[in-house]
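# Coordinate analysis (summary)
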Amino acid sequence: MEKREEAKEVVENEEQVVNPWEVSAKDGGKIDYDKLIDKFGCQRLDDSLIQRVQRLTNRPAHVFLRRGVFFAHRDFNDILGAYEKGQKFYLYTGRGPSSEALHLGHLIPFMFTKYLQDAFKVPLVIQLTDDEKCMWKNLSVEESQRLARENAKDIIACGFDVSKTFIFSDFDYVGGAFYKNMVKVAKCVTYNKVVGIFGFTGEDHIGKVSFPPVQAVPSFPSSFPHLFSGNDNIRCLIPCAIDQDPYFRMTRDVAPRIGYHKPALIESSFFPALQGENGKMSASDPNSAIYVTDSAKEIKNKINRYAFSGGKDSIELHRKYGANLEVDIPFKYLGFFLDDDAELERIREEYGSGRMLTGEVKKRLTEVLTDLVESHRRARALVTDEMVDAFMAVRPLPNMFN
């Protein structure tokens, strides 16, 4: 008999709050990921799994794997084991469209998902939760739908294969088999359970309480009969930030009770704000993040003026003691986006020892991020409304496993 996976309560105590809508630590401190793993009940992504990915895909591990950006998982080993036996899987990730443009933190799951799609040659479904943002952000239905299409253009610009990718918005797609699965999930989760998982209160409207099944059921292949008809046993792997884990703990608890595999997850840490890991990237503060719409001049200005430095106050002290790399945002950003391991290690040694100055590190980061944003801008400029329609069309994907 399948062991029940109890959906533990969201991590909210005096030390840190981590849920799909809020991430914060006590007194503005750093998130303790070891405690988060312990509370959520997921596993560390160890080197043996990374080596296994490289062996199975016959390509180097993505920088986000090598550097521990994606650091935790649920049943990723089972996905790899099934893949070794010739059993395919599909990917599922998503975006809550609440802003006109994406910042670099938003790009991370899509950059990694693109790598997984290419490496394993598997199909992908991308959910745009325009209904969620309508309810949580007090946006109109029409504005939520408009933002979903705009965000879809940024997602498509990451390079996804239209022959293997289905992008859908909840307002457009929910119904039929998808809705049937939502009802099955909803019947299995009590009100007390959903309050325990997500922290809803009596002040929250019923739309919020009813939303979790919407994000749960893309984990089940029968929600997409145009893609997986007759293949209801195919497994699902979800790349996401770890704040989304509560949704999928609930989903994994329910899945075997309604006849489905538990979805597997591979989860990332949080991308820090320019002001530091105790800062928060916010659409209300454009200087807290680098956006894909920022010009080269804006990127340079934001990094030089706002990126928190771990360097010392004077050149003399910096040369003597070196930079504190644990808090230095330019170095942390390079850890995400500088692909060259040897160069990053050289910067670690030179900057940490004081031989390299903060200005030099910020200059290198400006070059790296300008290249990234300019490349994305060029790709997005080529995305037409017709391309968006093609990705969002409900159609079979005949070559999705090739």
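Since the model is a prediction, treat every value here as computed from it, not as a measurement. (Residues numbered from 1 in each chain as written. Predicted model: local features only at pLDDT ≥ 70, side-chain atom pairs only at ≥ 80, totals over all residues. Heavy atoms only, no water.)

### Here we look at unusual backbone geometry
Negative phi values dominate among residues other than glycine, just as trans dominates among peptide bonds. Unlike most non-glycine residues, Asn58 shows phi in positive territory, near 60°. Position of Asn58 relative to the elements: it lies in the loop between helix 2 (47-57) and helix 3 (63-66). (Helix = DSSP H or I, 4+ residues; strand = E, 2+ residues; numbered from the N terminus.)

### Here we look at empty space enclosed by the protein
A full pass over the atoms with the stated rule returns one cavity of 30 Å³ or more. Empty space within the largest cavity amounts to approximately 40 Å³. Lining the largest cavity are Ser219, Pro221, Asp232, Ile234, Arg235, Cys236, Tyr260, His261 and Lys262. The class makeup of the residues in the lining of the largest cavity is four nonpolar, two polar and three charged. (1 Å grid on protein atoms, 1.4 Å probe; cavity = no way out; pocket = protein on both sides within 12 Å on 5 of 7 lines; lining within 4 Å. Points joined across faces, edges and corners; volume = space filled by probe spheres on them. Nonpolar A, V, L, I, M, F, W, Y, C, P; charged D, E, K, R; others polar.)

### Quick look at the pairing of strand 6 (residues 89-95)
Counting buried positions along strand 6 yields six of seven residues, so the element is predominantly enclosed. Direction of pairing for strand 6 relative to strand 9 (residues 235-241): parallel, over a ladder of three bridges. Note that in strand 9 the partner of Leu91 across the bridge is Leu237. The sheet contact formed by strand 6 and strand 7 (residues 124-128) spans five bridges and is parallel. Along strand 7, the bridge assignment pairs Leu91 with Leu124. (Buried < 20%, exposed > 50% of the residue type's maximum accessible area, 1.4 Å probe, protein only. Pairing = 2+ DSSP bridges.)

### Here's the deal with the pattern of salt bridges
Evaluation of the coordinates by the stated rule reveals 31 salt bridges. Among the ionic pairs, Asp245 bridges to Arg249, the shortest N-O distance being 2.6 Å. On the criterion of helical spacing, the pair formed by Asp245 and Arg249 is a turn pair, its members being four residues apart in helix 14 (residues 245-254). Overall, the relative accessible area of 0% leaves Asp245 in the buried class. Assessed through its relative accessible area of 1%, Arg249 is described here as buried. Arg377 is the partner of Glu374 in a salt bridge, and the nearest nitrogen-oxygen pair spans 3.1 Å. Placement of both Glu374 and Arg377 in helix 19 (residues 358-381) is noted, with a separation of three residues, approximately one turn of the helix. By relative accessible area, which is 29% here, Arg377 ends up partly exposed. (Salt bridge = Lys/Arg side-chain N within 4 Å of Asp/Glu carboxyl O.)

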